[in-house]
Amino acid sequence: MTKVFTRPYSLKDVETHYCGGCGHGIVHRLIADAVDELGIRERVVGIAPVGCAVLAYDYFNFDVCEAAHGRAPAVATGMKRARPDLIIFAYQGDGDLAAIGMAEIIHAANRGENISVFFVNNAVYGMTGGQMAPTTMIGQKTETTPRGRLMEQEGSPIRVSELLAQFDGVKFVERCTITKPKNVNRTKAAITHALRMQIEGKGFGFVEILSPCPTYWGLQPRVAMKMIEERMIEVFPLGQLKDIEEKK
Amino acid sequence: MSRKGLMCGNEAMAEAAITAGCRCYFGYPITPQNEVTAYMSRRMPEVGGQFVQSESEVAAINMVFGAAAIGARAFTSSSSPGISLMQEGISYLAGNELPSVIVNIMRGGPGLGNIGPSQADYFQATRGGGHGDYRTIVLAPASVQELADQMFLAFDLADKYRNPVMVIADGVLGQIVEPVEFSPKETANLPKKDWALTGCSGRAPNKIRSLVLGDNELLEHNRKLQAKYRAMEESEIRYESLETDGADIILVAYGSPSRTCRSLLKKYRQEGYRIGLFRPITLWPFPYKALAEAAHGSRMVLVVEMSAGQLVEDVRLALLNDSIIRLLGKPGGEVIQSHEVQSEIEKIIEEFKIKGR
Ligand SMILES: Cc1ncc(C[n+]2csc(CCOP(=O)(O)OP(=O)(O)O)c2C)c(N)n1
Ligand code: SF4
């Protein structure tokens with residue numbers, strides 16, 4: 001019999017605290033797969049966000065630290081500057097990265113820090129109970145937009161990938177999702193590519209992953225995946241926004 | 001090899017950090033400590049180190065966090081408004097037990113205040129500043145040489161206790177130019193940084209976190225931190241007690257006001273008055289016991305500070321006798337002039353009929 005599923009060595013064999021159907025677990029797994037395949041487990045350092053993925057250091061089987069809410073790109077900068085031989089990635093949610101931590105991500109990206117950032121966009125604040133995020137869609141109901149997000153009051157969802165892709169310091173940007181096997185594979189390839197570019201010293205790589213939060217979207221896991229396909233992708237188009245390697 | 005030269009406090013502090021083996025400096029410009037960022041931008045590349053002009057003090061302190069987490073010696077400096085922005089990060093550094101050095105060249109506040117020299121961040125530095133039950137060792141130099149020496153000490157203490165250490169000085173000390181000598185000291189027996197995130201090669205993964213959710217776990221973590229703070233109180237108190245034995249009047253001051261007091265000391269001693277100076281060098285842990293001993297039997301203790309009454313609170317805690325404490329506190333980013341101290345001393349001499357020669 002051939003084994004079709006093996007847990008990546010870079011992922012601990014523990015139960016996570018994520019809700020059923022949550023995207024965080026899938027993204028963790030893809031990162032762990034990429035780390036295994038690139039053979040960098042013993043020189044990778046991850047940075048967990050403040051958000052639902054705060055306990056990522058209990059799940060990854062390599063060195064991980066926490067960062068204050070939104071500050072992971074600054075922490076990553078300090079690490080990479082001090083030890084360029086380590087492979088540093090920041091894992092961040094949309095509140096962490098696009099609200100409180102917007103300054104840190106923009107400037108780390110613009111400096112072209114040789115780090116990788118994995119951005120889990122679930123259009124909502126999971127950890128604090130489903131409030132509006134900068135990426136919440138127009139009309140989307142959340143704890144703090146009970147009548148749905150209104151452009152006139154709350155502005156429109158921020159497209160972080162497009163924002164960052166314009167900086168010369170940014171070398172790779174792709175927006176992916178994990179709704180079906182094809183997309184999952186694409187996400188894993190993008191994560192692997194960002195890490196490989198860092199290994200080769202090619203600079204800042206950014207992967208945005210549209211990810212379900214069934215709990216605070218108030219949807220069954222399967223319906224939540226459909227929501228991404230039917231509504232979210234329209235606001236946040238999938239695809240590669242930048243890859244300096246392509247041009248050659 | 002030791003090197004000598006004339007330098008302003010800000011540059012001396014920066015060079016001392018490099019001599020202490022620090023190769024990571026992150027900072028955001030703010031007066032009156034802009035010489036540090038300028039100096040580091042030039043000097044760090046020369047020694048193979050890293051300088052980042054960060055986008056904010058929030059980012060700077062978190063860059064320090066990152067460098068400290070992988071085991072490097074890192075420091076940042078700023079002035080009062082910038083240090084306020086760093087408080088979240090300092091709390092995280094304390095909670096995560098990351099060795100790090102933060103220098104505050106204080107200016108007048110509150111708010112944007114002014115750029116004059118000040119000591120008004122005493123509470124912020126000695127009482128925590130950020131959230132949670134934590135302490136930072138706080139060193140207070142009174143000369144350019146001492147500022148440089150304290151940078152060596154700060155890095156060592158940070159490593160020894162796995163804790164952030166602050167050096168605070170008023171703007172005068174950042175700007176004043178004095179002779180300074182850098183003599184790298186061998187640092188004895190600092191603990192190995194086996195907790196650092198260096199990649200889990202040949203060992204189990206390390207994690208650095210301050211989120212502690214298990215039953216009683218945070219209580220235990222806090223108890224461990226508190227035990228560390230008690231050890232600091234046991235071993236790290238530093239002060240200078242000058243001619244306080246049998247003195248009628250004792251001046252208490254740190255930083256540049258202590259220099260003003262010191263020069264007055266000479267004048268009054270020559271006139272036969274018994275007057276002494278007590279200078280705390282660690283503001284936390286504060287030398288409560290030493291001050292109580294020094295002030296024993298004195299008629300009046302005059303606290304001189306460039307703030308409205310912050311240091312005086314520790315003096316009150318030390319002496320537990322308000323009737324022998326006077327305050328000359330000057331807020332607003334203003335230097336305390338010698339004649340102002342002198343007039344307070346004259347008042348005390350008159351009131352208590354203290355005799356000179
Ligand atoms: C300084 C600070 N402000 C607020 C919070 C509370 N907080 C924790 S997580 C979070 C938002 C997390 O949302 P997101 O980044 O989208 O991650 P998710 O939980 O959805 O994965 C907030 C506001 C905090 N921990 N620290
Ligand atoms: S609240 Fe949402 S983001 Fe958080 S674990 Fe549950 S499903 Fe995932």
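Residues numbered from 1 in each chain as written. Chains lettered and ligands numbered in written order. Predicted model: local features only at pLDDT ≥ 70, side-chain atom pairs only at ≥ 80, totals over all residues. Heavy atoms only, no water.

1. Description of the pattern of salt bridges
Rules: Between Lys or Arg on one side and Asp or Glu on the other, a salt bridge is scored when a side-chain nitrogen of the former is within 4 Å of a carboxyl oxygen of the latter. Helix numbers and strand numbers start at the N terminus; a helix is a DSSP run of H or I with at least 4 residues, a strand a run of E with at least 2. Relative accessible area decides the class of each residue, using a 1.4 Å probe on protein chains only: under 20% of the type maximum gives buried, over 50% gives exposed, and in between gives partly exposed.
Considering all chains together, one arrives at 42 salt bridges over all chains under this definition. For the salt bridge of aspartate 159 of chain B with arginine 73 of chain B, the shortest nitrogen-to-oxygen distance reads 2.9 Å. Placement of aspartate 159 of chain B in helix α7 (residues 144-161) and of arginine 73 of chain B in the loop between α3 (57-69) and β4 (74-78) is noted, with a sequence separation of 86 residues between them. One exposure class covers both aspartate 159 of chain B and arginine 73 of chain B, and it is buried. Between glutamate 340 of chain B and lysine 330 of chain B there is a salt bridge, with its nearest N and O atoms 3.0 Å apart. One end of the pair, glutamate 340 of chain B, is in helix α13 (residues 338-351); the other, lysine 330 of chain B, is in the loop between β15 (325-329) and α13, with 10 residues separating them in the sequence. Linked through salt bridges whose partners overlap, the residues forming this network are Arg81, Arg111 and Glu113 of chain A together with Glu55 of chain B.

2. Here's the deal with the site of ligand 1
Rule in force here: A single heavy atom is enough: if one lies within 4 Å of a molecule or strand, its residue is considered near that molecule or strand. Between N or O atoms, a polar contact is any pair within 3.5 Å; within protein, one atom must be a potential hydrogen donor and the other a potential acceptor, and residues adjacent in sequence are included only when both atoms are from side chains. Per-residue accessibility takes into account occlusion by the displayed protein chains alone, with areas from the Shrake-Rupley method and a 1.4 Å probe. Residues are sorted three ways: Asp, Glu, Lys and Arg are charged, Ala, Val, Leu, Ile, Met, Phe, Trp, Tyr, Cys and Pro are nonpolar, and all the rest, Gly among them, are polar.
Neighbouring ligand 1 are 17 residues; His24, Cys52, Asp94, Asp96 and Gly126 of chain A lie closest to it. Residues close to ligand 1 are split across chains A and B. Histidine 24 of chain A is positioned with one of its side-chain polar atoms (N or O) 2.8 Å from an oxygen atom of ligand 1. Here aspartate 96 of chain A contributes a backbone N or O atom positioned 2.8 Å from an oxygen atom of ligand 1. In the complex, 76% of the free accessible area of ligand 1, which totals 590 Å², lies under the protein chains. At the level of secondary structure, the elements contributing two or more residues to the shell around ligand 1 comprise α4 (94-100) and β5 (124-125) of chain A. No other element matches α4 of chain A, which puts four residues into the shell around ligand 1. For the shell around ligand 1, the class distribution of residues is six nonpolar, eight polar and three charged.

3. Observations regarding the domain arrangement of chain B
Residue and element names in this part refer to chain B. Rule in force here: The source of the domain bounds is an automatic or database domain assignment. Contact between two residues is taken to exist if any of their heavy atoms lie within 4.5 Å; hydrogens are not considered. Computed with a 1.4 Å rolling probe, the buried area is the accessible surface lost when two parts are put together, summed over both parts.
For chain B, the assigned domains are domain 1 (3-186 + 208-235) and domain 2 (240-352). Each of domain 1 and domain 2 has a C-alpha centre, and these two points are 27 Å apart. Facing the 33 residues of domain 1 at the interface are 28 residues of domain 2. Roughly 2300 Å² of surface becomes buried between domain 1 and domain 2 when both sides are summed, with 54% attributable to carbon and sulfur atoms. One salt bridge in this structure joins arginine 259 and glutamate 178, with 2.3 Å as the shortest N-O distance. Here domain 1 is connected to domain 2 by 15 residue pairs in polar contact (both at pLDDT 80 or more). Of all the elements in the fold, those that place two or more residues in the side of domain 1 that touches domain 2 are α6 (122-126), β6 (137-139), α7, β7 (164-170), α8 (171-175) and α9 (217-235). Looking at the side of domain 1 that touches domain 2 residue by residue, the class counts come to 17 nonpolar, nine polar and seven charged.

4. Structural notes on the interface of chain B and chain A
Counting from both sides, the interface comprises 36 residues of chain B and, opposite them, 33 residues of chain A. Here chain B packs against chain A, burying approximately 2700 Å² in sum over the two surfaces, 60% of which is carbon and sulfur. There are four salt bridges connecting chain B and chain A. For arginine 111 of chain A, the salt bridge is made with glutamate 55 of chain B, and the minimal N-O distance between the two is 2.9 Å. Our enumeration of links across chain B and chain A arrives at 16 residue pairs in polar contact (both at pLDDT 80 or more). Breaking the side of chain B that touches chain A down by element, the ones donating at least two residues are β2 (24-27), β3 (50-53), α3, α5 (87-95) and β9 (207-208) of chain B. Sort the elements by how many residues they give to the side of chain B that touches chain A and α3 of chain B lands first, with eight residues. Residues belonging to the side of chain B that touches chain A are distributed by class as follows: 20 nonpolar, 11 polar and five charged.

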